[in-house]
Structure formats: structure tokens, C-alpha cells
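# Structural overview
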Amino acid sequence: MATVDARGVVTGWGEGARSLLGYESSEILGRPAAVLLAGKAPTVEERRPAEERRRWHGTVTLLHRDGTPVEVRLLAHFGARADGDPIDTGHGDDGRGDDGRDDRAGGDCTTGADGAAGTGPESGGPADRVAHEWLIVSPLTGGAPVRGDDDLIRKGFVGSPCTMALYDEQLRLRRVNDDMERVLGLAEDDIRGLRLPEIVRGPYGYEVERRMRRALESGETQYVEFPIRLVGHDRASAWAVSLAPLRGEDDGRVRGVILSGHDMTRQYTARRRLRLVSEASTRIGSTLDIVRTAQELADFAVPVIADFVTVDLLPTVSTGGEPPDGPLSGHVMLRRVACRSVLEGCPEAVVPIGETDFYPDFSPAAECLLLQRGIMNRVTDPSIGQWAAQAPERSRSVRKFGFHSTMAVPLLARGTTLGAATFSRHRTPEPFEPDDLLMAEDLTARAAVCIDNARRYTRERDTALTLQRSLLPRVLPQHAAVEAAFRYLPAGSGAGVGGDWFDVIPLSSSRVALVVGDVVGHGLQASATMGRLRTAVRTLADVDLPPDELLTHLDDLVNRVSAEEADAPNAPNGRSGADGEDAASAASAGSSGGTGSTRSSGSSGSSASAEYAASPESAAAETTGDVGATCLYAVYDPVSRKCSLARAGHPQPVLVRPDGDAEFVDLPAGPPLGLGNLPFETAEIQLPEGSLLALYTNGLIDSRERGPDDTMTALREALARPAASLEELCDTVLETVLPARPADDVALLLARTRALDASQVVTWELARDPAVVARARGNVSDQLAAWGLDEAVFTTELVVSELVTNAIRYASAPIQLRLIHDRNLICEVSDGSNTAPHLRRARVFDEGGRGLLLVAQLTRSWGTRQGVGGKTIWAEQTLPVGEPALLSAAL
């Protein structure tokens, strides 16, 4: 052995090299290796390909010290050299034997005096101690086959740890080694001369023989892998088999095939487990439904792991509640949520789905929950016998179906215990093994995370639903202007509860406001924002703002809310973390506005909300980002039969006229709420009595099953169908239009208009003269008598006197007095001034200031609304009016 650095300088010289060429190490170290060559030395360019391959071999003619040419076979390795140590030769140590001599090819390799080859002037000094070099070796002996090699080859074949067999040209067995005899359980003499399918029965014997024939015909090595259960083995095993052709030394013709088999059972099992876990990731957890996820685990595990699988959860977990902290001990109560069997109908099950059962501490389920890991049991184990003795039904099931092996694995996720999954075998004869337990633990861990996600989603969704229902109307108010009905369905997808809302708001003068809105996003934040907007709409509606002005104020509110949340500290993505406080304040505001929890009128609401399972695409986490919303606001006046509408990015309402003609109302779209500084427009339409207005959110019309035009057509046709009631019509619309799995909340509000008869409304034009006050009181008294409201004369005369007097004294013409008689009695005085009066408490000696206080005391409610040409002051009395004596007491 010798070493030569990258510059071609000899840096190491072994005893074998000295014996071969006659040079002592002191004579050759530090000299160019080219002096040893009989021919011309290779150039740098000629050496570079070998250096890139990092190895070279061939025959070279060298010069002996005495000048005699010596032809030798060389093998050279190119690599890094550090601290004087030659390139690693594969001995795993320093290459020296027990006697201290160098045992590497060629013997001892001598280096320079300081341990670094070539530290003299010609070598470049110590800087070359870390460099690249060639390690050159040549065999001194064994260059040709010797007697005994054939016997060595035969013993190597027979004793090889690799499973091998030799087949001739007719594919009949000639020889097997010891390991093949062990695997087959047959001696060579018992099977010599047989074909492989005659030795190993089954399809794999024919497949391997077919590959052997291909190796014979093509002369190419064949490979095949297969699982098989061999005779005499307890379990199936997996094998990787190489089939190499054997050629004759004389003519090179293929004379047979050597079969080399490798037991790959452990690797096959690991790959199978990884493949199943990967497949499970697509089949387990496809929804955010707890029960369905548990059933997916059971469905997947049968029959790939077990013959019978049950999934039991803690009762609180099965309903979306919080599990107890830490491991469970002692008797455990679990609820059966899923089971699957290789037998139809799961006849082995003792506990029905949905029922709870107590599991003693020595039962497999309780034990795995205590240990927090999976366990395996045979039915002959004492603990199983004790459990069966206490549960006769389980004992009968074990005997009837022949259970022999079980595994119990806890469902653990994020440090919490959710329940346990039990795997059993009664049709598969092999008992469970550790690899089966590993597989069950992998699948159960995956399912546990999915179940916990579903549990968290269920909890968050229930919380958001509770909040949302508390912020929506429980029932709609009875109103003289419209007959109304509604449906509200929470989102059925994993996006969570949205921010849809609706409302019917009584206004002054028998008018009514209809509202439908939709907050962008889902979750608690969307529900809380919805509550704030609904409360704001009711507050602004009490001021009697026109629809476009109301939406403008609402847009300002949305912008302020968005700015507040963007500036809130410690809020991810600019969103406040105080969701609970925001929701609580919204709920409080909503309650003060007279709202309660929503209902889903009729059967469709409750069934639909339960029917739509959560989808896998999303989770229960709240939607973050800027606050935004759409809204449609309409005000209907039953006296004039006019309806004023404005919308902020919301879908158009549908108008169904009394003759059944349905159309979408052409309204200016308006920007969604939250964009700011963009105008809204009000449109006014005349509605015949008995017209139907349909207001809805986009969850009703967003469908992946059909296009927008088809959906709009279906909605219009469904609303035009005759129905016995609005409740029935709501059900018809949902059944016809609603997608099978709506991705968003759905709010639908139907309102059929009514009109006040001309006999219920009386109007008087008044001059701006104090003398008309008395005439006004007389006209009102006569009209009330005509309506049969004599008990209301006293109070109404006082109200009319105060309101008309104020209009004459402080306002401008024209002045108008109007009485409206529906469920209540409404008195209105309109004038040409925009100055609104204010209620104040008069002092003892003040001559004025008591009029509006008197009106407020005598009526149910009163207020002011602005109009195009002035204002209107109105006062409403509940019928029947109280006795005059009580009114006198109020004075």
C-alpha cells in the first residue's frame, strides 16, 4: 500500500510496496510518484475524471529499484486525508492487528518523521496535513483461483444467512441452503427435483416461477415482493425475492436460476402501517361531527385490524363538553357512540349506540384510561374473566362469537382524555401482536385529535348559537300593517354560526320596518357584531330615519367597530380578544331592545339545523379580519300603502303581487356596510293590499348545485305558489331553494301587507290661528264618537289641544291634524318647521312647559319624526283608554 497526494508526491510507503518494488520508505517518501512509472505519467487533465469518480483501477507497468519493469494490478481510492491518517480502509480502527503491525493491504504504511507524510520541503509543509490523496493498493497474493475455492463457495452457499435455492433450466429445484430448509420446514432431499408451485402452494408460487422463466429467457435479474403464510409458521410473512440467471463459464448460456429471498416482514409491516395511517388521514375526520368521526374510526379499523370495534366516549365529551383533567381511575362511565363488526348488524354489541355503561377498574377500557396507553389482552386473562363474571351478557357474547383477543386504546388529544376504543377478534384466528397495537394506537391518536376538534367545534358552535338566538327575535310582533313569518337556520358547514339577523320593528303612525342583515364572517365575533348592529338598527328606527339615512348611520357604526377592533391591543390580526365581553354587551343591548332567543317556526327550522352535518373544509374558529355587513331596510306605511326601501350590498327582495306575479324589486345596490363615505339611495314603491315581500340573506341562494339564475328563478317560483299560510310558504321556500348543505346561515322573512281603510284615517287642515284649537277639539270629539271611542274623548282632546297649540305658537304653516284608528289610537300634528320639541319639567311659577309632559303622562308613547316639508309630532294611546278619574289624577 502507498499513498500519493493530489500533486503526485509519494506521502506513504508500506511494507508491501517495499517488497514489490524494492524501495525503502526513506528513499521514496517526498519524491514524485512518476519516477515509479515505466511510461509517461498522466497529466492533470487525464487524472481529473478519476478524481471525480474518486476511484481508479487497472494494470500498470512500474519500475523496480533495479530498473526491472513490474506489471501489477492497482486499485486506487481518492479522498480526504487528515492529521497524517491515510484514507479509511474499512477496518473500523487504525488498521493494525494484535501484534501492532499494519494488517491493511500491502502491510505497514510509513509516513514522514512527524507523522505527516511529506512535511519536507517538497511536500509543501504542515499546511498539507489536511488534503486529498490517493490510497493505492495491490494484492501480493491470491491473484489467481486456488485449490479449495470451490469448496469455499459451496460452504458459503449452504451456510449463507440469505435464503437461497438453485433451479435448473427446467425450473426444477437442484439445491437449497440451510436457511431455505429452515423457512420451508423441508429438507433438500425431500424437495429436490420439484417445481416451486409444487413446493409452495398458492398463487405466489406460480408468480415466482413465471418470473424465473422470464429470467431464463431474458437473462435479466427479476425482483418480486409478496406476503405469504408458509406452512409451519404462526403468522404470515413478507418476502423480497431476487431471481438471477446463472450462465455457463464456457459458452455464457443461461443454465439455471438462483433464488435469493429476504424476509421483509418487519419492513412490510411498517410500510403497511404507514400506508394505513396515511389512508386513515383521509377517511377519519371528514366532518366536524363527534359521532360521525368516531364511526369513521370503527369503519376503518374493520376488518384491517379487528373483527369488532367499539368507540366509547366520556358522557360530557360526547355532547361537546369539557373532559375531566388528568387520567381516569376506578370505575368509569362511558357512552357508546360507534361500533362496527364484520358481521351484519353488530350482533356482538352488548351496549347499544347512545347508551352509557359502567366499566370497572379491571376492565380493558378502564385500565387503558388509567395507564394512558394501549393494552392487549387474551380472553383467558384473569382480568377479562373477572369482568365477564360481573357482566353475564358480555360473557355470553364472548362464548357465542368466540372472542379470543382484545386491545383497548385510550382516546387522548392535547393532554385530555376523551374515551376509549376497543378492538376485538373472533373471526381472525391470529391473536393481536405488538405491531397491531402500534397500528391501533396510530389510528386512535388520529381519530382522537379529530374528535377533539369536533368537540371544540360543537362547543363553540353551541355557544355562538346560544348567543345568536338570544339576540334574534323569539317571536314576531303582531302588527296592523303586515302579517309576518320567518325562518332562521344556522350554517350547516364547519365555518361556524354566522351573523345573519332579521327584525320587524313597529314604527309610529301604524308603520312598520322590515330588516334583514348579514355580518361577514362566522363564530362568536360575528354573532356579537350582529347583536350590536341589530340594536343600532332598532335605535335608529325609533328616531324615524328614512332608510338611506339609517344605513348611513349604520355604516358609520360598522366603520367605528372595525377601527376599534383594529386598534385593540393584544388582538391577533387586529381583532379584539375580548370576545366574551363584546358578546355579553351585545346580548345585554339586544335584551334591552326587546329581543329574545330565536325560534325556527314550524318543523323545518329545527330539523334542518340538526340535519346538516359539519364539513371538513373549515373549523369552529372565529373568522378574523375587518368588520363588514350587508343590510336591507324597508318601511311600509299601511295608510299610503307605500314602501320605502334601501339596501347596502344585500340581495334584492322579492315582491309577489296579489295576482301571483313575482318579481325582484329593482333597488339601487348600495355599498356593503363598512366601506364608508359612499351614498345609499331610497326607492319607493306602491304596494297593493295583500302583496308579499320576501327578504332573505345570501345563504338561501348560494348554491353549488345550480347556477345563480336557476336559483333566483326557483326562489321566485316558490314564493309565487299558493299557500295556506306564511308559515307553510316559508317551509315551501326552504324545501325548494335551500341547498342540500348550506354553507352559510339562512334568514328568511316574509311579510304580507295590510292596508288601513279610509274610514280608519281622518285628516284636517288647520289654519295658523288660535281659534282653530277649539274647532279641532270638537272635530276630534265627533270623530271618536263615530268610532265608538267615547271613553277616549277626554284624553284625546287634551292631547290635541296641546299639540295644535304648540304648532300654532311655535311652528309654521301648513298645519295638519290626523287621527288613525287601528289597534291603538294615534294622534298626529304636522307643521312646516323642522325644530323638534323637547320634554322639560316646568318650575312652579312657569306659565308654559307642561304641555309635552302632560302628553307623555296621558299616552302610551309619543315622538317626533322629520319629513321633507317639516316634522310630525305623534302620540299613541292604548285602547281602551283609562277612566277620566284616573286621567284627572295624572293631571
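Details of the structure are given in the entry above.
Residues numbered from 1 in each chain as written. Predicted model: local features only at pLDDT ≥ 70, side-chain atom pairs only at ≥ 80, totals over all residues. Heavy atoms only, no water.

## Some words on the packing of helix α15 (residues 434-471) against helix α16 (residues 524-542)
Following both chains from N to C, one finds α15 and α16 inclined at 5 degrees, their axes separated by 9 Å at the closest point. As judged from the angle between their axes, α15 and α16 are roughly parallel. Where α15 approaches α16, its residues E460, T463, A464, L467, Q468 and L471 are matched on the opposing element by L524, S527, A528, M530, G531 and R534. The residue inventory of the contact of α15 with α16, partitioned by class, reads six nonpolar, four polar and two charged. (Axes fitted to C-alpha atoms, helices over the stretch in contact; angles between N-to-C directions. Helix = DSSP H or I, 4+ residues; strand = E, 2+ residues; numbered from the N terminus. Parallel < 35°, antiparallel > 145°, perpendicular 65-115°, else oblique. Contact = heavy atoms within 4.5 Å. Nonpolar A, V, L, I, M, F, W, Y, C, P; charged D, E, K, R; others polar.)

## Re the pattern of salt bridges
In total, this model carries 44 salt bridges according to the counting rule given. Between D452 and R414 there is a salt bridge, with its nearest N and O atoms 2.5 Å apart. Of the two residues, D452 sits in helix α15 while R414 sits in the loop between β16 (405-413) and β17 (416-425), which places them 38 residues apart along the sequence. Residue D452 is classed as buried on the basis of its relative accessible area, which comes to 0%. The partly exposed category is assigned to R414, whose relative accessible area is 48%. One salt-bridge network, held together by shared partners, links E322, R414, D452, R455, R456, R459 and E460. (Salt bridge = Lys/Arg side-chain N within 4 Å of Asp/Glu carboxyl O. Buried < 20%, exposed > 50% of the residue type's maximum accessible area, 1.4 Å probe, protein only.)

## Quick word on the packing of aromatic side chains
For the structure shown, the criterion picks out six aromatic pairs. Where F78 meets W134, the ring centres are 4.9 Å apart and the plane angle is 45 degrees; that geometry is what we call tilted. Residue F78 is located in strand β4 (residues 69-81), and its partner W134 is located in strand β6 (residues 131-137); the two are separated by 56 residues in the primary sequence. With respect to class, F78 is no different from W134; both count as buried. Summarising the aromatic geometry, the rings of Y359 and W387 are spaced 6.2 Å apart at their centres and angled 40 degrees between planes, so their arrangement reads as tilted. In this pair, Y359 is assigned in strand β14 (residues 356-359) and W387 in helix α13 (residues 382-390), connecting sequence segments 28 residues apart. W387 gets classed as buried once you look at its relative accessible area, which sits at 16%. (Phe/Tyr/Trp six-rings, centres within 6.5 Å; stacked < 30°, edge-to-face > 60°.)

## Quick notes on the sheet that holds strand β29 (residues 815-821)
Taken in spatial order, the five strands of this open sheet run β28-β29-β30-β32-β31, and their pairing is antiparallel. Both edges of this open sheet fall to β28 (761-766) and β31 (861-866), since each of them pairs with a single strand only. Within the sheet, the average angular offset between the axes of one strand and its neighbour, ignoring direction, is 15 degrees. The pairing of β28 with β29 spans six bridges and is antiparallel. Note on β29: the bridge partner recorded for T763 is R818. Sitting on the sheet, helix α22 (residues 772-787) touches β28, β29 and β30 (824-831), and the angle it makes with β28 is about 170 degrees. Docked against the sheet, helix α23 (residues 793-810) engages β28, β29, β30 and β32 (871-878), running at close to 15 degrees with respect to β30. (Pairing = 2+ DSSP bridges.)

## Comments concerning the pairing of strand β20 (residues 512-522)
In terms of burial, β20 is a largely internal element, 10 of the 11 residues being buried. As paired elements, strand β19 (residues 498-506) and β20 share nine bridges and run antiparallel to each other. If you follow V504 over to β20, its bridge partner there is L514. Taking the residues that link successive antiparallel strands as the turn, the β19-β20 hairpin has five residues, and the phi of S509 there is positive, at about 60 degrees.

## A short note on the nonpolar core
Counting residues in each nonpolar core, the largest one holds 61 residues, and the members touching the most others are W501, L514 and Y633. Apart from the residues within four sequence positions on either side, W501 is in contact with L472, V515, V516, G517, D518, V519, M530, L533, R534, V537, T630 and C631. V311, A338, A413 and F423 belong to the second largest nonpolar core, which has 49 residues in total. (Core = buried A, V, L, I, M, F, W, Y, C linked by side-chain atoms within 4.5 Å.)

## A look at unusual backbone geometry
The step from V302 to P303 runs through a cis peptide bond, and the omega angle for that step is 5 degrees. Relative to the helices and strands, P303 resides in helix α10 (residues 290-304). In the segment running from A813 into P814, the intervening peptide bond is cis, with an omega of -5 degrees. Even without being glycine, L171 reaches a positive phi, approximately 60 degrees. By the secondary structure assignment, L171 is in the loop between β7 (163-168) and β8 (173-176).

## Quick notes on helix α24 (residues 851-858)
Since there are 3.6 residues in each turn of an α-helix, residues three or four apart along the chain are aligned in direction. Looking at α24, one finds that the buried residues are G851, L852, L854, V855 and L858. Seen end-on, α24 carries its buried residues on one side only, within an arc spanning 155 degrees. (Arc of directions from axis to C-beta.)

## Thoughts on the sheet that holds strand β22 (residues 642-648)
In any sheet, the strands associate via hydrogen bonds between backbone groups, in a parallel or an antiparallel arrangement. Read from one edge to the other, the open sheet built from five strands follows the order β19-β20-β21-β22-β25, with strand pairing classed as antiparallel. The sheet is open, and its two edges are formed by β19 and β25 (683-686), each paired on a single side. Going across the sheet, the axis of each strand differs from the next one's by a mean of 15 degrees, ignoring polarity. With four bridges joining them, β22 and β25 adopt antiparallel strand pairing. Across the sheet, residue K642 finds its bridge partner in β25, namely Q686. With respect to the sheet, α16 is in contact with β19, β20 and β21 (629-637), its orientation differing from that of β19 by roughly 20 degrees.

## Remarks on the side chain of T872
For T872, the location among the structural elements is in strand β32. A polar contact of 2.8 Å, which involves the side chain of T872, links it to the side chain of S830. Setting aside anything within four residues of it in sequence, one finds T872 in contact with E828, V829, S830, G863, T864 and R865. (Polar contact = N/O pair within 3.5 Å; in protein donor to acceptor, adjacent residues only side chain to side chain.)

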